[in-house]
Amino acid sequence: MNPSVRPTNVPLPSSSPPGMVSPDILAPAERQPENPIWVDLTPLNRAALSTIQEQYGLPSEVMTYFLLHYPSAKLIHAGPVLFLVTFLVTPSSRSLFTLRELKICVSSTVVATMCGPAGKALPDLAQHFPLPSLSGERTGQLLHGLLEETVRSYEAIVRTVEGRGRGEVPREETQRRRKQVEKLVRFLREEQSFLGNVTREGRKLLAAEESRQIRSIAERVGVLARTAWETTLERKVLAAHPAIPGATQAGDDA
């Protein structure tokens, strides 16, 4: 399967899915650094990776990075290119949330992405990110848009945690849920640190305003981590003091 791309300055042909176009529509020499293109590599396809490397002049080691698995968020320098590994989260009835690995290669002219395996109920990356028109946008603005959407997926999970915290939880579920939330908090703190690294290390590709925006995203993730952690503290207090209103129905009646 050929990679699909979303350009910023080319009308979309009617035969292509919304927001996507064939890579041969716009020759690399015609692309301007301030008007980058997004290439979404949905399949783990070595031929597609080689095509992207040659067409956009990316370092060969970056293509190898796309083939590796990463247990946590990571930022790698490869000459003039940054390679980022971050995660989308999706709700899970059994484990609160699951992770989808998102790899992003960023150069001055192209942002290439690959999202970890999508099950039948999970859309591909282009469908998950309802990005607005990117006309005239820079690489840093496109990167900011992608990172913004990952953080929105975290916010949805934290809202779920808060909703569970307001309801009455059976005693046997308390410990399991606490462990799930503690795992979420660790993940969010790792993501906060990762986004801070992107702000510091991406200065060659990011304008001052773009660095500020990504720093703001990192701060939001820190707030999410604190919010999720406070729900575990609240549950511990309520469990230790069942007479506190809201702890249990028996406590309310007491």
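### A closer look at the pairing of strand β3 (residues 74-78)
Here comes step 1: Pairing analysis gives five bridges linking β3 to strand β4 (residues 81-92), with the strands arranged antiparallel. Paired with His77 across the bridge in β4 is Leu82.
Here comes step 2: Count of turn residues in the β3/β4 antiparallel hairpin: two residues, of which Gly79 carries a positive phi of about 65°.

### Overview of the nonpolar core
Here comes step 1: The biggest cluster of nonpolar side chains holds 40 residues, and the ones touching the most others in it are Leu84, Ile104, Leu143, Leu147, Leu184, Leu188 and Leu195.
Here comes step 2: Elements with a contribution of two residues or more to this core: β4, β5 (96-106), β6 (110-115), α4 (139-166), α5 (171-201) and α6 (208-240).
Here comes step 3: A per-element tally of this core places α4 first, with nine residues.
Here comes step 4: Not counting residues within four places of it along the chain, the set of residues in contact with Leu184 comprises Leu96, Phe97, Ile157, Val158, Val161 and Ala228.
Here comes step 5: Counting 22 residues, the second-largest nonpolar core is a separate cluster that includes Val39, Tyr56, Val62 and Cys105.

### Structural notes on helix α2 (residues 60-67)
Here comes step 1: Within the sequence span of α2, burial applies to Val62, Met63, Tyr65 and Phe66. Down the axis of α2, the smallest arc covering the buried residues is 155°, so these residues share one side.
Here comes step 2: Those residues of α2 that are buried are in contact with α1 (46-56), β3, β4, β5 and β6.

### Quick look at the pattern of salt bridges
Here comes step 1: Overall, the coordinates contain seven salt bridges when judged by the stated rule.
Here comes step 2: Where Arg152 meets Glu148, a salt bridge forms, and the shortest distance between an N and an O atom there is 3.3 Å. In this pair, Arg152 and Glu148 are both assigned in helix α4, four residues apart and thus about one turn of the helix distant.
Here comes step 3: Owing to a relative accessible area of 43%, Arg152 belongs among the partly exposed residues under this scheme.
Here comes step 4: By relative accessible area, Glu148 is classed as buried at 13%.

### Some details on the packing of aromatic side chains
Here comes step 1: Throughout the structure, instances matching the rule amount to six aromatic pairs.
Here comes step 2: Relative to Phe187, the ring of Phe87 lies with its centre 6.3 Å away and its plane at 70°, an arrangement referred to as edge-to-face. Of this pair, Phe87 sits in strand β4 while Phe187 is found in helix α5, placing the two residues 100 residues apart along the sequence. Each of the two residues, Phe87 as well as Phe187, counts as buried.

### Considerations on unusual backbone geometry
Here comes step 1: Its identity is not glycine, yet Leu96 carries a phi of approximately 75°, on the positive side.
Here comes step 2: For Leu96, the position within the fold is in strand β5.

### Topic: the packing of α1 against α2
Between two packed helices, what matters for the description is the angle formed by their axes and the separation of those axes.
Here comes step 1: The interhelical angle for the contact between α1 and α2, taken along N-to-C directions, is 150°, at an axis separation of 10 Å. It follows that α1 is roughly antiparallel to α2 by the angle criterion. Read as a crossing pair, α1 and α2 show a hand that is right-handed. Along the contact surface, α1 presents Arg46, Leu49 and Gln53, while α2 presents Ser60, Met63, Phe66 and Leu67.
Here comes step 2: Here the contact of α1 with α2 is composed, by residue class, of four nonpolar, two polar and one charged.

### Quick notes on the pairing of β4
Here comes step 1: In terms of residue burial, β4 counts as a mostly covered element, since 11 of its 12 residues are buried.
Here comes step 2: In the sheet, β4 pairs with β5 via 11 bridges, with the strands oriented antiparallel. Paired with Phe83 across the bridge in β5 is Cys105.

The rules we used
Residues numbered from 1 in each chain as written. Predicted model: local features only at pLDDT ≥ 70, side-chain atom pairs only at ≥ 80, totals over all residues. Heavy atoms only, no water. Pairing = 2+ DSSP bridges. Helix = DSSP H or I, 4+ residues; strand = E, 2+ residues; numbered from the N terminus. Core = buried A, V, L, I, M, F, W, Y, C linked by side-chain atoms within 4.5 Å. Buried < 20%, exposed > 50% of the residue type's maximum accessible area, 1.4 Å probe, protein only. Contact = heavy atoms within 4.5 Å. Arc of directions from axis to C-beta. Salt bridge = Lys/Arg side-chain N within 4 Å of Asp/Glu carboxyl O. Phe/Tyr/Trp six-rings, centres within 6.5 Å; stacked < 30°, edge-to-face > 60°. Axes fitted to C-alpha atoms, helices over the stretch in contact; angles between N-to-C directions. Parallel < 35°, antiparallel > 145°, perpendicular 65-115°, else oblique. Left-handed = near helix turned anticlockwise from the far one by under 90°. Nonpolar A, V, L, I, M, F, W, Y, C, P; charged D, E, K, R; others polar.

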